[in-house]
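Analysis of the macromolecular model
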Amino acid sequence: CLQIQIERGDNEEIASTLWSLADVYHGWEKYNEAIEFYSQSLQLSREIGSENITKTLTSLSGVHLQRREYNKASQYAKEAIEITSNLGDTSTKAIALLTMASVHRDQGQIQEAMPFYKEAFKAYAEIGQIQKGLEMLEEAGFSVTLKALSTAKSD
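Read on for a plain summary of the structure.

The rules behind each value
Residues numbered from 1 in each chain as written. Predicted model: local features only at pLDDT ≥ 70, side-chain atom pairs only at ≥ 80, totals over all residues. Heavy atoms only, no water. Helix = DSSP H or I, 4+ residues; strand = E, 2+ residues; numbered from the N terminus. Buried < 20%, exposed > 50% of the residue type's maximum accessible area, 1.4 Å probe, protein only. Contact = heavy atoms within 4.5 Å. Areas by Shrake-Rupley, 256 points an atom, 1.4 Å probe, with all protein chains shown as cover. Core = buried A, V, L, I, M, F, W, Y, C linked by side-chain atoms within 4.5 Å. Axes fitted to C-alpha atoms, helices over the stretch in contact; angles between N-to-C directions. Parallel < 35°, antiparallel > 145°, perpendicular 65-115°, else oblique. Left-handed = near helix turned anticlockwise from the far one by under 90°. Nonpolar A, V, L, I, M, F, W, Y, C, P; charged D, E, K, R; others polar. Salt bridge = Lys/Arg side-chain N within 4 Å of Asp/Glu carboxyl O. Phe/Tyr/Trp six-rings, centres within 6.5 Å; stacked < 30°, edge-to-face > 60°. Lys NZ or Arg CZ within 6 Å of the ring centre and 35° of its normal.

Section: the overall build of the protein chain
Summing up its helical and strand segments, the protein chain has nine helices and zero strands in all. What you see in the protein chain, going N to C, is helices and strands ordered as α-α-α-α-α-α-α-α-α. Taken across its 155 residues, the protein chain has 41% of its residues classed as buried. If you take every contact in the protein chain between residues at least 6 apart in sequence, the share linking residues at least 24 apart comes to 46%. Total accessible area on the protein chain stands at roughly 8800 Å², and carbon and sulfur atoms take up 48% of it.

The following block contains the structure:
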């Protein structure tokens, strides 16, 4: 499949296929391979101005988070947050915000994580996925009250 896309010069499809290959390796916890394919996808996506850039940035951030490479995870997540904010891509922004929160949480920086959790919840609420936002907070170990929800939604 990839070879055919290369022969056709279909760079958008090549970038998408590279991302898919990376995602498979990520799922198999073969992080070196995942990073290699995500990086190739990101490079090609940047060259052609593909919409896959933010998805790839958040994926790279996630794999580096799993490897406890917090500086790299943070770097990719910050870039994804900036781009998604400019594009209005709230769904991908929510994922990047959650990754930033996790970077801080995993390093014991709970106070620094809180604004990212709050922004991620607001992003999930904005796209009508309040349940997903609640699950995200619960997975992070936070008990959620109605008062907290009303505060987050009104800010």
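Section: the nonpolar core
As a rule of thumb, nonpolar side chains are buried together in soluble globular proteins. Tyr 38, Leu 42, Leu 57, Leu 60, Val 63, Tyr 117 and Met 136 are the most contacted members of the largest nonpolar core, which has 35 residues in total. Elements with a contribution of two residues or more to this core: α2 (11-27), α3 (31-48), α4 (52-66), α5 (70-87), α6 (90-106), α7 (110-126) and α8 (130-139). Setting aside chain neighbours within four positions, we find Leu 60 in contact with Ile 35, Tyr 38, Ser 39, Leu 42 and Tyr 76.

Here we look at the packing of α3 against α4
Running from N to C, α3 and α4 cross one another at 155 degrees; their axes reach a closest spacing of 9 Å. Here α3 is positioned roughly antiparallel relative to α4, judged by the angle of their axes. Between α3 and α4 lies a crossing of left-handed hand. On the side of α3, the interface is formed by Tyr 31, Ala 34, Ile 35, Tyr 38, Ser 39, Ser 41, Leu 42, Ser 45 and Arg 46, while α4 contributes Asn 52, Ile 53, Thr 56, Leu 57, Ser 59, Leu 60, Val 63, His 64 and Gln 66. Per-class residue counts for the contact of α3 with α4 are nine nonpolar, eight polar and one charged.

Some thoughts on the pattern of salt bridges
One pass over the structure, following the stated rule, counts four salt bridges. Notably, a salt bridge pairs Asp 106 with Arg 105, separated by 2.8 Å at the nearest N-O pair. Owing to a relative accessible area of 29%, Arg 105 belongs among the partly exposed residues under this scheme. The salt bridge involving Lys 122 is made with Glu 119; its shortest N-O contact spans 3.4 Å. With a gap of three residues between them, Lys 122 and Glu 119 both fall in helix α7, about one helical turn apart.

Comments concerning the packing of aromatic side chains
In this structure the tally under the stated criterion is three aromatic pairs. Arranged with centres 5.6 Å apart and planes meeting at 5 degrees, the rings of Tyr 25 and Phe 37 form a pair that is stacked. Placement of the pair is Tyr 25 in helix α2 and Phe 37 in helix α3, with a sequence separation of twelve residues. Taken together, the ring pairs connect Tyr 25, Trp 28 and Phe 37 into an aromatic cluster. Here the basic side chain of Lys 55 rests over the ring of Trp 19, its NZ or CZ set 3.9 Å away from the ring centre.

What to know about the side chain of Thr 99
Tracing the sequence through the fold places Thr 99 in helix α6. Given a relative accessible area of 9%, Thr 99 falls into the buried group. In this structure Thr 99 touches Ser 61, Gly 62, Leu 65 and Ala 77, once residues within four positions along its chain are discounted.

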